[in-house]
Every structure is written in structure tokens, then in C-alpha cells.
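Secondary and tertiary structure notes
So you can see what is in the structure, the chains are spelled out below.
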Number of protein chains: 2
Amino acid sequence: MYVVMVYDLEADRTQKALKIGRRYLTHVQNSVLEGEISEGDLSNLKNEIDDLLKPGESTIIYELSSDTLLNRTVYGDDPTEDQRFL
Amino acid sequence: MYVVMVYDLEADRTQKALKIGRRYLTHVQNSVLEGEISEGDLSNLKNEIDDLLKPGESTIIYELSSDTLLNRTVYGDDPTEDQRFL
């Protein structure tokens, strides 16, 4: 499936979330990663993020079936070079 | 349709993006808004965001058909009280 992950951690801890996310997904914006992921990897990712978070911090994971993302538009500077989307 | 919008602006300008986004969507995390939106409002939102952004800033808008968001999981503290999702 395809997932979009958005994290919001204390400023000095954001790198920890990014480091975990990058092992599974592509970093596309300041606090956003996305990409195709297997059920097993998604389960691991969720567990690692859940263990990481402290009170006041949050992470949202949107799970999409791979063919249901209708459109993805980037306004401004796109940090990702590849536009491998529908 | 259902959209998720993630913005990344300079620190002193993030409120401008939030102010625009809130007129159409629900603020769910630091730099993330989401919600049901009509085609017309989505067009207006895109135009306003496009006009706002300066070099180095970006905003990603994911458009989903309303019935295809498979799952949305919040880890940590959920800033939104209502869980009106599939």
C-alpha cells in the first residue's frame, strides 16, 4: 500500500523520527515522508514510531490503497525530484 | 473529495498558510490540515496557496476520493478530538 506519514516532535527530536521513517519511506517535505510499503514494514514502522513519541508529540500515518491517490500537487519548491505519481 | 494538505513555510510565515487552510479544512497537526472539500473550494485553496509561497517554501496537497482512505492512525497526542474517519 501507499502511505503518507507526517510527524510533529519537539524540535531537537525530529531527526529521530526522520531517521526511522527514512528506512521505509521517501522524505518529501520538512516533516513528511511517503511511499509504497509492505504490510510487514508498515507494522514495524508503526511500532518504532509509537515507541519514540513523548507526550505532546504526534505522528499521523495515512494508509491508501496504491491506486486511490487521485492527485498529488506540490506548490512551491518540490524537494523531491521524482514525480512518480498518478 | 477528501484532501490532506501539508505546508512548509518559513517560521514567521506559517500562520499565513494556516489561516488560508483553516477557511476550508480542519487543522489536525502542526503543519497539516485535512477534510472534505468541493472542487470549487479546492481550486480556490490551491490558488491562494500558490500565491502565498515564496522560494524555498512548499505545500503538498493530496487529493483522495472520499471513500478510499483506508486508514488514518494517530500516534501520540491527537490534536483533533473527532475521529470521523473510515
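Residues numbered from 1 in each chain as written. Chains lettered and ligands numbered in written order. Predicted model: local features only at pLDDT ≥ 70, side-chain atom pairs only at ≥ 80, totals over all residues. Heavy atoms only, no water.

1. Thoughts on the UniProt feature "binding site: Mg(2+)" (unreviewed entry) in chain A
The cut-off we apply is this: UniProt positions are given in the numbering used here, feature names are shortened, and annotations may be inferred rather than shown by experiment. Working definition: helices are DSSP H or I runs of at least four residues, strands are E runs of at least two. Numbering for both runs from the N terminus. When accessible area is computed with a 1.4 Å probe and restricted to protein chains, residues below 20% of their type maximum are described as buried, those above 50% as exposed, and intermediate ones as partly exposed. Two residues qualify as a contact provided that any one of their heavy atoms is within 4.5 Å of a heavy atom in the partner residue.
The UniProt record marks Asp8 of chain A with the feature "binding site: Mg(2+)" (unreviewed entry), using the residue numbering of this structure. Structurally, the position occupied by aspartate 8 of chain A is in strand S1 (residues 2-8). Given the relative accessible area of 22%, aspartate 8 of chain A is considered partly exposed. In contact with aspartate 8 of chain A, other than residues within four places in its own chain, are Glu57 and Ser58 of chain A together with Gln29 and Asn30 of chain B.

2. A few points about the pairing of S1 of chain A
Residue and element names in this part refer to chain A. Inclusion rule: Only strands joined by at least two bridges in the DSSP assignment are considered to pair.
Burial runs high along S1: 6 of the 7 residues are buried. The sheet contact formed by S1 and strand S3 (residues 32-36) spans 5 bridges and is antiparallel. When the sheet's bridge partners are listed, valine 6 is paired in S3 with valine 32. With 7 bridges connecting them, S1 and strand S4 (residues 58-64) associate as antiparallel partners. The partner of valine 3 across the bridge, within S4, is glutamate 63.

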